[in-house]
Amino acid sequence: MMTMLRARWGAALVCAIVPAVALAGCSTEYHGYDSSIDGVLWRQVASFEDPLSRSIYAPLVNEPTAYLDSVDSALWDRAAASVADLGVEDGGVVLYDISSTESTAEFSVFISSGPRSDDSADEVLYYNGPSSVFTCYGITARFYPEATPLVDRVIFAECPAALVKAAPLDAAFASGEVFDG
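As the structure is a prediction and not an experimental result, all values here were calculated from the model. Here the residue numbering is sequential within each chain, running from 1 through the sequence in written order. Predicted model: local features are reported for residues with pLDDT of at least 70 only, side-chain atom pairs are reported and counted for 80 or more only, and whole-chain, interface and lining totals are derived from all residues. By convention in this description, side-chain values take in all heavy atoms of the structure and omit both hydrogens and water.

A word on the pairing of strand E3 (residues 92-100)
By definition, two strands form a pair when at least two bridges between them are found by DSSP. In this description a helix means any DSSP run of H or I spanning at least four residues, a strand means any run of E spanning at least two, and both kinds are numbered starting from the N terminus. For strand E2 (residues 74-76) and E3, the ladder comprises three bridges, and the chain directions are parallel. Across the sheet, Leu75 pairs through a bridge with Leu95, a residue of E3. Sheet analysis places E3 next to strand E4 (residues 104-112), joined by seven bridges and oriented antiparallel. Directly across from Val93, in E4, lies its bridge partner Ile111.

As structure tokens, then:
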């Protein structure tokens, strides 16, 4: 009788602990400039974000349509079927939710680091973090005659689920400010 009672208590304990652990969110996320993100993954995102930032913040054009055309990256129409063609798992930049008026251009950005490379510069004996990271944010550029556009960035708290699903299973979210600086 005592063994059966222990088995029931043990089962009840497992049933209580497993959901609690699942709800606690065991996935890794990085927030803030001093986030302790892996340097290899940070540099991989920067290798995509730095050229993108130059075309966003220092464009060679001063008109919304030409501005959008000058930003070189994959374009996503939010169709789930088209995600596989974007190469998110390999790393890169994807623009989505693109729109413009006569004086503004708006779009959202998703950046994936791609798989973590073996980079001896960080000299980590055993790396146990995510194999990939991703980030996303929104851009609004306002155009004025004979002036560089004013660009605002809005950091998103999460990225589109369809793009996240295309990343490796252990990929971690990193808020946009992680890569500032």
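Re unusual backbone geometry
Not every positive phi belongs to a glycine, and Asp97 is a case in point at roughly 55°. With respect to the helices and strands, Asp97 occurs in strand E3. Three exposure classes are used, based on accessible area relative to the maximum for each residue type with a 1.4 Å probe and protein chains only: buried under 20%, partly exposed in between, and exposed over 50%. Using a relative accessible area of 40% as the deciding quantity, one classes Asp97 as partly exposed. We note that Glu146 has phi near 55°; this positive angle belongs to a residue other than glycine. Secondary-structure assignment places Glu146 in the loop between strand E5 (133-142) and strand E6 (150-155).

Considering the state of the cysteines
Two cysteine sulfurs form what is called a disulfide whenever their separation falls within 2.5 Å. Taken as a whole, this structure holds one disulfide when the rule is applied. Through a disulfide, Cys136 is tied to Cys159; the S-S separation comes to 2.1 Å. Handedness of the Cys136-Cys159 disulfide follows from its S-S torsion of about -105°: it is left-handed. Separated by 23 residues along the polypeptide, Cys136 in strand E5 and Cys159 in the loop between E6 and helix H4 (161-166) bring together distant segments of the chain. Exposure remark for Cys136: the relative accessible area of 0% places this residue in the buried category.

So, the pairing of E4
Counting buried positions along E4 gives eight out of nine residues, so the element sits mostly inside the fold. Taking the residues between adjacent antiparallel strands as the criterion, E3 and E4 are bridged by three residues.

Re the nonpolar core
The nonpolar side chains of a soluble globular protein tend to be buried with one another. Core analysis: the largest hydrophobic core is formed by 25 residues, its most contacted members being Leu52, Tyr67, Phe107, Val109, Val133 and Ile139. Those elements giving two or more residues to this core turn out to be helix H2 (39-57), helix H3 (64-70), E3, E4, E5 and strand E7 (172-174). Not counting the four nearest positions on each side in its chain, Leu52 is found in contact with Val71, Val93, Val109, Ile111 and Tyr137. Each nonpolar core is a collection of buried residues, namely Ala, Val, Leu, Ile, Met, Phe, Trp, Tyr and Cys, held together in the definition by side-chain atoms within 4.5 Å. Counting 14 residues, the second largest nonpolar core, distinct from the first, contains Val83, Leu86, Phe110 and Phe173. Pairs of residues are marked as contacts when any of their non-hydrogen atoms sit within 4.5 Å.

Interpretation note: all reported values are geometric properties and have no functional meaning in isolation.
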